[in-house]
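For reference, the chains in residue letters:
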2 protein chains.
Amino acid sequence: MDYTLSVLVQNRPGVLSRVTGLIARRGFNIASLSVGPTEDPTISRITVVVDSDPDSIEKITKQLHKLIDVYKITDLTDEEVIERELVLYKVNANSERRHEVIEAAGVFRAKIVDMGKNTMTIEATGTMDKLKALEDLLRGYGIKEIVRTGKVSLGRGSRD
Amino acid sequence: MDYTLSVLVQNRPGVLSRVTGLIARRGFNIASLSVGPTEDPTISRITVVVDSDPDSIEKITKQLHKLIDVYKITDLTDEEVIERELVLYKVNANSERRHEVIEAAGVFRAKIVDMGKNTMTIEATGTMDKLKALEDLLRGYGIKEIVRTGKVSLGRGSRD
């Protein structure tokens, strides 16, 4: 199953490589990963989704804790969290199909962010379920390119 | 300056670690990175932003090309591209400040996605410039947590 870990690390060369290397050495694939600076620019947050099992994720977490540049690890898998991903889809759409694509995007509250002669690019955000449904719909038009940010998560305010 | 590389790789354990390791060994810090599956689930796309210089980025690109699991590298730095990032901000906002935060979010077409007794969580997407402006505004309320997806980019349809 997919486990989501939020890892706070020092923002310096090599840290991301050590974190991903540790997961790879245990033979697990990273389904998605996002990293960027936090409210403190010296600290970055890595959100990583790993397809693993309970025993292995515990071992991975323990080993990550031992890395000198890792400050904090939160397992967000079963927590009550807000999870979001951003996806850009470039789909085939000539002038005859454009209105259909615009309609489909509207239903999912997605935005049309670019239009070429034969393509349209859609920006969508949401939970994994919602994005999967939109993707299934857009596949009918022919998806030329997909770019995903990977999932990010934040604990709900009710827990504070 | 910041360089944006879009790297198509085989979706299997260890590939991300080799890519990030190669950049780290040259001593460059990864400003942001996103990875997720593409329209073909056996292939993942890594979008990586590296603060580097022209000579070094050329060397990094050449070395990345030599990795067996790397299929294609596109330097999106100077291209005409659509670039987007998703950020979740958790800000301090008790009942008295809520309407101000809702107003600020509205101006930036951001969404309130959660509300606790003393906090609100805002989901915003856009270009780096827009998100920086929103962040500066929200800092006035006190930002408790920020989670960024890192930048993703797609070539404009007019180039197809």
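Our structure is the block above this text.
Structure report, in brief. (Residues numbered from 1 in each chain as written. Chains lettered and ligands numbered in written order. Predicted model: local features only at pLDDT ≥ 70, side-chain atom pairs only at ≥ 80, totals over all residues. Heavy atoms only, no water.)

Let's shift gears to unusual backbone geometry. Residue and element names in this part refer to chain A. At arginine 109, a position not held by glycine, the phi torsion is positive, near 50 degrees. In this structure, arginine 109 sits in the loop between α3 (98-107) and β6 (111-115). Taking relative accessible area as the criterion, arginine 109 reaches 71% and is therefore assigned exposed. (Helix = DSSP H or I, 4+ residues; strand = E, 2+ residues; numbered from the N terminus. Buried < 20%, exposed > 50% of the residue type's maximum accessible area, 1.4 Å probe, protein only.)

On to the relation of the copies chain B and chain A. It takes a turn of 180 degrees to lay chain B on chain A, together with a shift of 0.0 Å along the axis; the resulting RMSD is 0.0 Å. The two molecules are tied by a two-fold rotation axis, judged by turn and shift. When C-alpha distances to the rotation axis are compared across chain B, the minimum falls at Ser34(B), with a value of 2.3 Å. By residue overlap, the copies meet face to face through one surface: 100% of the interface positions of chain B are interface positions in chain A. (Least-squares fit on C-alpha atoms with pLDDT ≥ 70 in both. Contact = heavy atoms within 4.5 Å.)

All names here are of chain B. In this fold, isoleucine 122 is placed in strand β7 (residues 119-126). Taking C-alpha positions, isoleucine 122 is 37 Å from arginine 25, a pair spaced 97 residues apart along the chain. What isoleucine 122 contacts, discounting residues up to four positions off in sequence, is Val87, Leu88, Tyr89, Val91, Val101, Ala105, Ala110, Lys111, Ile112, Val113 and Leu138.

On to the interface of chain B and chain A, then. If you look at the interface, chain B gives 53 residues, while chain A gives 54 residues. Of the roughly 4500 Å² buried where chain B meets chain A, counting both sides, 56% is carbon and sulfur surface. Remark: the boundary between chain B and chain A carries 21 residue pairs in polar contact (both at pLDDT 80 or more). Those elements that place two or more of their residues in the side of chain B that touches chain A are α1 (15-25), β2 (30-37), β3 (43-51), β5 (81-92), β6 (111-115), β7, β8 (143-148) and β9 (152-155) of chain B. Per-element tally for the side of chain B that touches chain A: the top contributor is β2(B), with 8 residues. Taken together, the residues that form the side of chain B that touches chain A break down as 17 nonpolar, 22 polar and 14 charged. Of the strand pairs in this sheet, strand β2 (residues 30-37) of chain A and β2(B) are connected by 3 bridges, and their pairing is antiparallel. The partner of Val35(A) across the bridge, within β2(B), is Leu33(B). (Buried area = accessible area lost by both parts, 1.4 Å probe. Polar contact = N/O pair within 3.5 Å; in protein donor to acceptor, adjacent residues only side chain to side chain. Nonpolar A, V, L, I, M, F, W, Y, C, P; charged D, E, K, R; others polar. Pairing = 2+ DSSP bridges.)

This part is about the packing of helix α1 (residues 15-25) of chain A against helix α2 (residues 54-66) of chain A. All names here are of chain A. The interhelical angle for the contact between α1 and α2, taken along N-to-C directions, is 150 degrees, at an axis separation of 10 Å. Put simply, α1 runs roughly antiparallel to α2. When the axes of α1 and α2 are compared, the crossing they make is right-handed. Between α1, through Val19, Leu22 and Ile23, and α2, the contact on the second element is made entirely by Ile60, Gln63 and Leu64. (Axes fitted to C-alpha atoms, helices over the stretch in contact; angles between N-to-C directions. Parallel < 35°, antiparallel > 145°, perpendicular 65-115°, else oblique. Left-handed = near helix turned anticlockwise from the far one by under 90°.)

Okay, α3(A) next. Residue and element names in this part refer to chain A. Listing the buried residues of α3 in full gives Val101, Ala104 and Ala105. The buried side chains of α3 occupy one side of the element, clustering within an arc of 100 degrees when seen end-on. Facing away from the buried side of α3, by more than 90 degrees, are the exposed residues Glu103 and Val107. Where the residues of α3 are buried, they touch β5 (81-92), β6, β7 (119-126) and α4 (128-139). The positive-phi residue at the C-terminal boundary of α3 is arginine 109, with phi of around 50 degrees. (Arc of directions from axis to C-beta.)

All names here are of chain A. Burial within strand β3 (residues 43-51) is extensive, with 7 of its 9 residues counted as buried. As paired strands, strand β1 (residues 2-10) and β3 are joined by 9 bridges and run antiparallel to one another. Within β3, the residue paired with threonine 4 across the bridge is valine 49. Between β2 and β3, which pair antiparallel one after the other, the connecting turn spans 5 residues.

On to the sheet that holds β2(B), then. Spatially, 8 strands are ordered β4(A)-β1(A)-β3(A)-β2(A)-β2(B)-β3(B)-β1(B)-β4(B) in an open sheet, and the strand pairing comes out antiparallel. Single-partner strands in this sheet number two, and they are β4 (70-75) of chain A together with β4 (70-75) of chain B. Averaged over all pairs of adjacent strands, the angle between their axes in this sheet comes to 15 degrees, without regard to strand direction. Sitting on the sheet, helix α2 (residues 54-66) of chain B touches β1 (2-10), β3 and β4 of chain B, and the angle it makes with β1(B) is about 0 degrees.

In this section: the pairing of β6(B). Residues and elements named next belong to chain B. Examined bridge by bridge, β6 and β7 share 4 bridges and lie antiparallel to one another. Residue pairing for β7: aspartate 114 is matched across the bridge by threonine 121. Where β6 folds back onto β7 in an antiparallel hairpin, the turn is made up of 3 residues.

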